[in-house]
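Each chain is listed here by its residues.
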Amino acid sequence: MKITLFQDHIVWADKDANLQHVGDRLERLAGKTDLVVLPEMFTTGFCPEHLELAEDMQGKTVRFLKHWASACTMAISGSFLACEAGKFYNRAFFVFPDGTVATADKRHLFSPGGEDRTFQRGNDRLIVHYKGFNVCVLVCYDLRFPVWSRNVGNQYDLLLYVANWPVSRMKAWNVLLEARAIENQAYVCGVNRIGEGNGICYSGESKLINAKGEVLLAAAPNQMCVETVDISIENLEKLRKGFPVWKDADMFNLI
């Protein structure tokens, strides 16, 4: 499967500008990839204080994603600022080429940034089957919590983290992405934004890592990067069969 990491700036709280910019980039990827991974809150930046920008599942953002997934015959994943029945969510999505949309809400809300005061936390992980892979989509701060990320019984083959992860904490980003890949015997893809938003700087450093912890693609810091890498389910299954540490993993029950 060909997977494209979409590392770019996000215009702070300007949905229309971001949709226009992302649409222009997506159009160029038609026929060149199977899956595009966008950063967290790709239409607004990380702005839980701007709840007026939230949308439901019939809104402009979801219509935009369905259009480009269908037009370019590819899947698109990321997260956006969502609302439903008067409540607000940091909602992860996976949009299939046929327009089907799967979602789950961010589990671990970033309390230092006030996310927990405005958003509802999710209780389910988003795992979908696509192009021979089981794909799990988590959001930013979820990376710090290995139990929530745990791949019990090889439930997933590719783990996505979509993020607005600040430059001040990039040591953790880089170390934890590799740890999640090794401990879960899965491909891990982390896509982070670049630029500045509300006084916070982001350096990107998006990457795709295999189950051995080897970096297959690394985006340069502070630069726009839309790059594609091919990953193999056969290679992953061979590794799991030859070194089946997953069989000895602990089971977890989350309340």
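The structure we're discussing is the one just above.
Calculation criteria
- Residues numbered from 1 in each chain as written.
- Predicted model: local features only at pLDDT ≥ 70, side-chain atom pairs only at ≥ 80, totals over all residues.
- Heavy atoms only, no water.
- Salt bridge = Lys/Arg side-chain N within 4 Å of Asp/Glu carboxyl O.
- Helix = DSSP H or I, 4+ residues; strand = E, 2+ residues; numbered from the N terminus.
- Expected span 1.5 Å × (residues − 1).
- Contact = heavy atoms within 4.5 Å.
- Pairing = 2+ DSSP bridges.

*Asks:* What should I look at first to understand the pattern of salt bridges in this one?
*Replies:* Think of it this way: side chains of opposite charge can pair up when their charged atoms draw near. Per the counting criterion, the structure on display carries 10 salt bridges. Between Lys131 and Asp34 there is a salt bridge, with the nearest N and O atoms lying 3.9 Å from each other. Taken together, the residues Lys131 in the loop between strand S6 (126–130) and strand S7 (133–139) and Asp34 in the loop between helix H1 (15–27) and strand S2 (35–37) connect sequence positions 97 residues apart. The salt bridge partner of Arg91 is Glu84, with a shortest N-O separation of 3.1 Å.

*Asks:* Sorry, what's going on with helix H5 (residues 170–184) here?
*Replies:* Each full turn of the α-helix corresponds to 3.6 residues, which orients residues three or four apart in the same direction. Taking 1.5 Å as the rise per residue, H5 with 15 residues should run 21 Å; its terminal C-alpha atoms sit 21 Å apart, in good agreement. Looking at the buried positions of H5, the neighbouring elements they touch are helix H4 (146–149), strand S8 (158–163), strand S9 (187–192), strand S11 (200–203), strand S12 (207–209) and helix H6 (233–242).

*Asks:* How do you make sense of the pairing of strand S13 (residues 215–218) when you look at a structure like this?
*Replies:* Working note: regular strand, side chains alternate between the two faces of the sheet. Bridge analysis of S12 against S13 gives three bridges, and the strand direction is antiparallel. The partner of Leu208 across the bridge, within S13, is Leu217. Hairpin connection, S12 to S13: the antiparallel pair is bridged by five residues, and Gly213 has positive phi, about 90 degrees.

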